[in-house]
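Remarks on the overall topology
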Amino acid sequence: MDFTFNDDQLSFREAMSRFLMTEAPPEMLREIWETDPGRSPELRGKLAAQGLTALSVPEDCGGLGMDDVAWSLMTQELGYYAIPDSLADTAYVSAGLVAALPAGRAGREEVLGRIAAGSVRIAIGHPVNPLVADAATADLLLLPHGDEVHLVPRALVDVTPNPSIDLSRRLASLAWEPSSATRIAADEAGRRLWAQALDRGTLSVAGQLLGLAQRMLDLTVDYAAQRKQFGKPIGSFQAVKHHLADVATRIEFAKPVLYRAAHALAHGGADAPVHASHAKLVCGEAAWLAARHGIQVHGAMGYTWEVDLQMFMKRTWALDASWGDRGFHKSRVAESILAEGAAIGPGHTFEVQA
Amino acid sequence: MDFTFNDDQLSFREAMSRFLMTEAPPEMLREIWETDPGRSPELRGKLAAQGLTALSVPEDCGGLGMDDVAWSLMTQELGYYAIPDSLADTAYVSAGLVAALPAGRAGREEVLGRIAAGSVRIAIGHPVNPLVADAATADLLLLPHGDEVHLVPRALVDVTPNPSIDLSRRLASLAWEPSSATRIAADEAGRRLWAQALDRGTLSVAGQLLGLAQRMLDLTVDYAAQRKQFGKPIGSFQAVKHHLADVATRIEFAKPVLYRAAHALAHGGADAPVHASHAKLVCGEAAWLAARHGIQVHGAMGYTWEVDLQMFMKRTWALDASWGDRGFHKSRVAESILAEGAAIGPGHTFEVQA
Amino acid sequence: MHLAYTDKQKAFRAEVRSWLARNVPKAPLASYDTREGFEQHREWERRLFESRLSMVMWPEHLGGRGCDLIEWLIFEEEYYAAGAPMRVNQNGQLLLGPTLMEFGTEAQKQRFLPRMAASDDMWAQGWSEPNAGSDMAAITSKATLSEDGSHYILNGQKTWSTRAIFADWVFGLFRSEAGSTRHHGLSYLLAPLDAPGVTIRPIIALNGKQAFAEIFFDDVKVPVDNRIGEEGQGWHVAMATAGFERGLLLRSPARFQATARKLVALYQANRASADRDPSIRDAVCEAWMGAEAYALSAYHTVGRLAKGARIGAEASTNKIVWSELDLKMHETAMRILGARGELLAEAPDAGTDAAGWLDGFLFAQAGPIYAGTNEIQRNIIAERMLGLPKS
Amino acid sequence: MHLAYTDKQKAFRAEVRSWLARNVPKAPLASYDTREGFEQHREWERRLFESRLSMVMWPEHLGGRGCDLIEWLIFEEEYYAAGAPMRVNQNGQLLLGPTLMEFGTEAQKQRFLPRMAASDDMWAQGWSEPNAGSDMAAITSKATLSEDGSHYILNGQKTWSTRAIFADWVFGLFRSEAGSTRHHGLSYLLAPLDAPGVTIRPIIALNGKQAFAEIFFDDVKVPVDNRIGEEGQGWHVAMATAGFERGLLLRSPARFQATARKLVALYQANRASADRDPSIRDAVCEAWMGAEAYALSAYHTVGRLAKGARIGAEASTNKIVWSELDLKMHETAMRILGARGELLAEAPDAGTDAAGWLDGFLFAQAGPIYAGTNEIQRNIIAERMLGLPKS
């Protein structure tokens, strides 16, 4: 029983954080936001060079073979730096789905190799999401047709953009025709793949929300320490302190919830869905609170385009309802714990494992 | 359009407040709490002498003929001083029920005269309340049998005490036999009487909760101004200030909700039930918040028997679920405002009137 | 307590309702934080003014119709029930207007108020400075009286001036006594924004629009006639205005009752999905209860004002209540909208309602901040209403 | 990250579970805030001790069985899952115990710890004084060293000493350097409560029970051997203990997981009436999520401690989380119980569950207050974890 990360995981995260701090400063995000595709091939290339796209591709397909637990750290970094790229959709959610296909199916090994190399963008159109992120810039799309999973080249899909308040979100509605040529799974296998993708997507967003919360807290602590009113830093006022202490507390107690869910998912735990929903709810609440108290402490400055806080707030508000809104995840939690004979209470924290 | 009180109403309240301040200090409440019946005939007599029992008895029955609006002030005083006597059950709720009987029915005028004179205690067993307050010390009981209303002498009722955390609450379960001799209303008339009694009981408790909230706030402000830690009054700390500012704000915004409900009830408004439920919900929330922040600011002192705060907190917690718990009142509000074609929004604040 | 409207009040309500039914634009106006929308809203204000409906409480000779506060509440109820446009000149009409009524000379009133009522002059406020936000007494912008005493020379910087980039005039506080500190030595001055030496730089808000501006004063000459009240008494004059700002008029209850009604409708239209989160139905009912309480409180206050009471620290409780209610209602709407919530108006899948709620949600973020943060308001309540000691 | 228990851990869990199944009293003990209940709980502690289960983490020679923190978590899970009695001697075992382990001499450990593990000695804490509550450094109780250096003479008053009226010993801080102020010049001393000059006066709590006491010291003689750590270093010694107090051990996650499970059951049993208030189902799910998060955080912290990390201001986040979670769970239970909520155990209509929840609800009121108010904890988080400036 060891509910901590190993040195590999921690140092990968550390390296990624250092890398993003210099390579993805807010000024660069603003530039990318303003571009037409909203995506930077250069930044994506650098992230691939750091090994991020290879993170959870199996080693025999050219990847690093790390699992959901590593992603629970990495998605926090993607959120912390508000990376304007739905990279996790390709390198985490889609990679997980493709890796779960039987060997040889639909060019599985080739696709995984390209994911690892960072030479493919895959958008994923899960039924829980009414719109598809990054469809326009994708090379391939994973799309549902009932229980079926289709892997569809971009050229076969009509894309209608749906702009978001978060300029780095590039959402679209799609029109496409399913065919046997694009079908890569169906029936029970398809259902299982979509279910896993949902849990991975949920955790991907949960991790990003947690990273966003931490970033908004850090920005706000810096501001509160430096901004003076009534002759002293506003961070010395108890009301400001208590706002930010509450945010810090939420973040601290959301983290292990995320980690348990990631572990359950990596090990095929039967409780993975409820743990993932739990994680998304608490990470989302931490991020919303960080946004609310963040703008409150920033005062009018927080309401401007110029101050970076706005980018992180908008990402928070937008991501919160993606991969299932709160109602969806609250229902999953309620159904699980209110079920007849649910195994809850002391001693059941880690009970359900593969 | 004048949503304020007239001078008569205000001066009656003022007189009652001054009277209770000297006649019902906390030390006296403690003494009465400890007695066996938990009621002081002497205090009741003094309250009657002040005219309180006659307040809403019609003038032709020896009363003052004031209505629910006056009671919305008076119940606040009963709450503020945590009067250990369910006097409002007799003088407000029961008086209202008996006054609504047809002239001459069941000794209506005699009963009202005795209420006005303060020479009768009436307990009321509304179906919404599983237990009956002050049944043991009552002379008469108003009891339900289906839609029927029965006026039953105490001697015909078996009373089983059910002690409450609030020692001044004297609750009981009852055993009794309905008979035609005790029946004073039935069918539609009975239903209407019980419905009006419910709304009056609801407002009676709402007003008391609001008075309790104000008292707990006042006690806590006094304590915070005087108690020192870290070399200054704890009331100078922003966290304490903000706790208490929130309580004050809740109280201020609960008052007019109570007053609208009282007016609607006095004028037979169709919205009286939803307005009464609204009032009870907001007054209850103000009182709960006043209790929570009250004990928090009092620190360990607030957790003692010795400090008066405990009496007001317990009364709050106990009254909150009497005359319908929150679920009951929330349902009434939801059903009303979510009904097809509900008249809500600007311009409907006072629309529904007799 | 008498809760029926008089025949006169009923007639006024009927007139307003009928006028609005005939005049409210069918298509929503463009955002008043854009040049185009600003002018559309000015046009709308002129139409209101022509029917003496822009400032119903002002006396007739200044462009109003001498209504009392009850009639004003009625006007507001009808206005928001009709879904009429946002009021673009409220900073002038509701912050400066009452100040001019109380402290202006007859000549100043005649000169400024009718043009303000007609929105011939659009007004921006000049309260905040970069280092004087919550702490307004830290103002450093200077007004130096000319040697002949005929005019002031203004120097300094104001900020967070709402829509100043489009406005005609600014009002604000300037330090007219050299060396004075805090609340002393300030004067309340009015300046035309096209005066030589005025530079206006827009501040882009969260929503990408030019909602605010910085105003720089570089030896700007304004005649002494543009001073409201006595030299050096600006703080006193401004505080009366700030009282109004935090008080009832700027955020009339009808506005929040209209939002609550819309929220109930949004919930009804999305009930199946909304009920998966049981807290939503509760929040919807709370929204209605909160908006009603705010409206009832307004009627209660208006009644007491009519009997001679004065609004004190209660204005601070108002500010907290409406701003937190507005935020909570818009958060609830965002929860109900779910994945549609983030979409802009131009998104085909946004439907007709989502983008409006998103706009309102962004705007609601500012509620607990402007006109004195809610933290400052809570201090005021604790110290002035409850008598707790200053820190 | 490896989330399976070892065979040894599984065997320990099985042993504890089986022992508890055989030994947990069928009928609940009387409240330990009464003399009768206190002695019943002492008996229970002795039974735990006889099976070396009272202090599982202590070394064997001091009465424990040398378990690690994971095993301790397992013990706690089984203990609360079994509904075993409240632990009556935790102030000694969890506040003084670790301090003695860290700062005590070998002789002191041998003298005090095994008797503490067996509850032969019951301990009361002597931290607070009437004017030293949240501000603990304001302590004025004095310890004067005798001329021959053999003993201290204690004078002064302690308060809020839990169950001191029934206890055998007290530990606390006394000012041993005349004229010293604040954190300086304090010594950490142990005193028998039957010593001449000790007077104990019960404080009646909210629930009518003698839950606390004031302790008066009037020339009470204690040998210098009863001092823990160096003379004048008491603050340093106590802070280590206060860290533990606020930290994990005193409020183990299993306790709140058990409450959450009970709350789910209460909701299920009363679902028809509870669902009239839609916020209740939400609160029940939140309770489970909150208790799980607290448990997960404990496992996470324990893992990091095992790798050499130290608990810092995180202890303050723990305090806030468990105390507010506990309060919220009990408030929710009161809402579900409705009109039954106010009834005492002796009320025939209370049913079997209501009075237990009411007791817990009253006790939960104290959570955000004792062991450092949550306001103080939030200051600590802001200043030590986030680095915000002191006021």
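For every chain, the first residue of the written sequence is number 1, and numbering continues from 1 onward in sequence order. Both sets of labels track the order of writing: A upward for chains, 1 upward for ligands. In keeping with the model being predicted, local features are shown solely for residues with a pLDDT of at least 70 and side-chain atom pairs are shown and tallied solely at 80 or more, while totals for entire chains, interfaces and linings include all residues. Side-chain metrics rest on all non-hydrogen atoms present in the structure, leaving aside hydrogens and water.

1. A few points about helix 4 (residues 90–103) of chain D
In an α-helix there are 3.6 residues to a turn, and that puts residues three or four apart on one side. Residues and elements named next belong to chain D. Strands are runs of DSSP state E lasting at least 2 residues, helices are runs of H or I lasting at least 4, and numbering of each runs from the N terminus. Helix span is expected to be 1.5 Å times the residue number reduced by one. In a regular helix each residue adds 1.5 Å, so 14 residues correspond to 20 Å; helix 4 covers 19 Å between its end C-alpha atoms and thus fits that length. Bending is quantified residue by residue as the angle between axes fitted to the seven-residue window ending at that residue and the seven-residue window starting at it. In helix 4, a bend of some 35 degrees at leucine 96 exceeds every other bend along the element, and proline 98, a proline, comes one to four places later. Three exposure classes are used, based on accessible area relative to the maximum for each residue type with a 1.4 Å probe and protein chains only: buried under 20%, partly exposed in between, and exposed over 50%. Where burial is concerned, most of helix 4 is hidden: 12 out of the 14 residues are buried. Taken residue by residue, helix 4 has Gln90, Asn91, Gly92, Gln93, Leu94, Leu95, Leu96, Gly97, Pro98, Thr99, Leu100 and Phe103 as its buried positions.

2. Digging into the packing of aromatic side chains
Geometry of aromatic contacts follows a simple scheme: Phe, Tyr and Trp rings, the Trp one being its six-membered ring, pair when their centres are within 6.5 Å, and the pair is stacked under 30 degrees between planes, edge-to-face over 60, tilted otherwise. Scanning the model with the defined rule gives 57 aromatic pairs over all chains in all. Taking 6.5 Å as the distance between ring centres and 85 degrees as the angle between the ring planes, the aromatic pair formed by B:Trp33 and B:Trp305 counts as edge-to-face. One end of the pair, B:Trp33, is in helix 2 (residues 26–34); the other, B:Trp305, is in the loop between helix 9 (272–298) and helix 10 (309–320), with 272 residues separating them in the sequence. Classification of B:Trp33 as buried rests on a relative accessible area of 5%. Look at C:Tyr79 and C:Tyr80: their rings are 5.7 Å apart centre to centre, the planes differ by 75 degrees, and that puts the pair in the edge-to-face class. Here C:Tyr80 falls in the buried class, since its relative accessible area comes to 14%. Every member of this aromatic cluster is reached through a ring pair, and the members are A:Phe253, D:Phe256, D:Tyr294, D:Trp322, D:Phe363 and D:Tyr370. A ring is considered to have a charge above it if a Lys NZ or an Arg CZ atom is located within 6 Å of its centre and within 35 degrees of its normal. The positively charged end of C:Lys158 is found above the aromatic ring belonging to C:Phe174, 5.1 Å away from the centroid. Seen from the ring of A:Trp288, C:Arg335 lies directly overhead, with NZ or CZ sitting 4.2 Å from the centre.

3. Brief notes about the domain arrangement of chain C
Each assigned domain of chain C is listed with its residue range as follows: domain 1 (7–88), domain 2 (123–235) and domain 3 (247–385). All domain edges in this entry derive from an automatic or database-based domain assignment. One C-alpha centre belongs to domain 2 of chain C, the other to domain 3 of chain C, and the line joining them spans 31 Å.

4. Points about the pairing of strand 2 (residues 142–145) of chain C
By the bridge criterion, 4 bridges tie strand 2 of chain C to strand 3 (residues 151–162) of chain C in an arrangement that is antiparallel. Considered in strand 3 of chain C, the bridge of C:Leu145 is made with C:Tyr152. Strands are treated as partners if at least two bridges between them are detected by DSSP.

5. Notes on the layout of surface pockets
Any residue with an atom within 4 Å of a point lines the site, the site being either a cavity, points on a 1 Å grid over the protein atoms alone where a 1.4 Å probe fits but cannot get out, or a pocket, an open set with protein on both sides within 12 Å along at least 5 of 7 lines. Grid points are joined across faces, edges and corners, and a volume is the space filled by probe spheres set on the points. Reported here for the second largest pocket is a volume of approximately 690 Å³. Lining the second largest pocket are 35 residues, and of these B:Glu252, B:Lys255, B:Tyr259, C:His300 and C:Arg304 lie nearest its centre. Per-element tally for the lining of the second largest pocket: the top contributor is helix 8 (residues 238–266) of chain B, with 7 residues. Under this grouping Gly is polar, as are all residues other than the nonpolar Ala, Val, Leu, Ile, Met, Phe, Trp, Tyr, Cys and Pro and the charged Asp, Glu, Lys and Arg. Considered class by class, the residues forming the lining of the second largest pocket number 17 nonpolar, 10 polar and 8 charged.

6. A closer look at the interface of chain B and chain C
Two residues qualify as a contact provided that any one of their heavy atoms is within 4.5 Å of a heavy atom in the partner residue. Listed by partner, the interface residues are 44 residues for chain B and 52 residues for chain C. For this document, the term salt bridge refers to a Lys or Arg side-chain nitrogen within 4 Å of an Asp or Glu carboxyl oxygen. Counting every contact that joins chain B to chain C gives 5 salt bridges. Here B:Lys330 and C:Asp282 are joined by a salt bridge, their closest N and O atoms 3.0 Å apart. In protein, a polar contact requires one atom able to donate a hydrogen and another able to accept it; more generally it is a pair of N or O atoms within 3.5 Å, and residues adjacent in sequence count only if both atoms are side-chain atoms. One can count 19 residue pairs in polar contact (both at pLDDT 80 or more) joining chain B with chain C. Here the element with the most residues in the side of chain B that touches chain C is helix 8 of chain B; it accounts for 15 residues.

7. Section: helix 8 of chain B
Residues and elements named next belong to chain B. The end-to-end C-alpha distance of helix 8 is 42 Å, a good match for the 42 Å that 29 residues give at a rise of 1.5 Å each. Among the 29 residues of helix 8, 25 are classified as buried, and the element is accordingly described as predominantly covered. Looking one or two places after helix 8, you find glycine 268, whose phi comes out positive at around 65 degrees.

8. A closer look at the interface of chain D and chain A
Buried accessible area, meaning the area lost when the parts come together, often serves as the stated size of an interface. If you look at the interface, chain D gives 52 residues, while chain A gives 44 residues. Buried area between chain D and chain A, both sides added, is near 4,700 Å², and the carbon and sulfur share of it is 68%. The three residues of chain D that bury the most area against chain A are D:Met1, D:Leu3 and D:Trp288, which together make up 19% of that side's buried surface. The closest approach of N and O atoms between D:Glu292 and A:Arg260, which form a salt bridge, is 2.5 Å. Counting the contacts that link chain D with chain A gives 19 residue pairs in polar contact (both at pLDDT 80 or more). Of all the secondary-structure elements, those providing two or more residues to the side of chain D that touches chain A are helix 1 (7–23), helix 3 (69–81), helix 7 (253–269), helix 9 (278–306), helix 10 (314–337) and helix 12 (374–385) of chain D. No other element matches the 17 residues that helix 9 of chain D contributes to the side of chain D that touches chain A. Of the residues assigned to the side of chain D that touches chain A, the class counts are 27 nonpolar, 11 polar and 14 charged. In short, buried area is how much 1.4 Å probe accessible area vanishes from two parts on joining, totalled over both.

9. Regarding the pattern of salt bridges
Side-chain pairs of opposite charge can arise where the charged atoms are in close proximity. Residue and element names in this part refer to chain B. Here the structure, examined in full by the defined rule, presents 102 salt bridges over all chains. Of the charged contacts, one joins aspartate 199 and arginine 332 as a salt bridge, the two residues approaching to 2.9 Å between their closest N and O atoms. With aspartate 199 in helix 7 (residues 187–226) and arginine 332 in helix 11 (residues 326–337), this pair connects stretches of sequence that are 133 residues apart. The exposure class of aspartate 199 is buried, given its relative accessible area of 6%.

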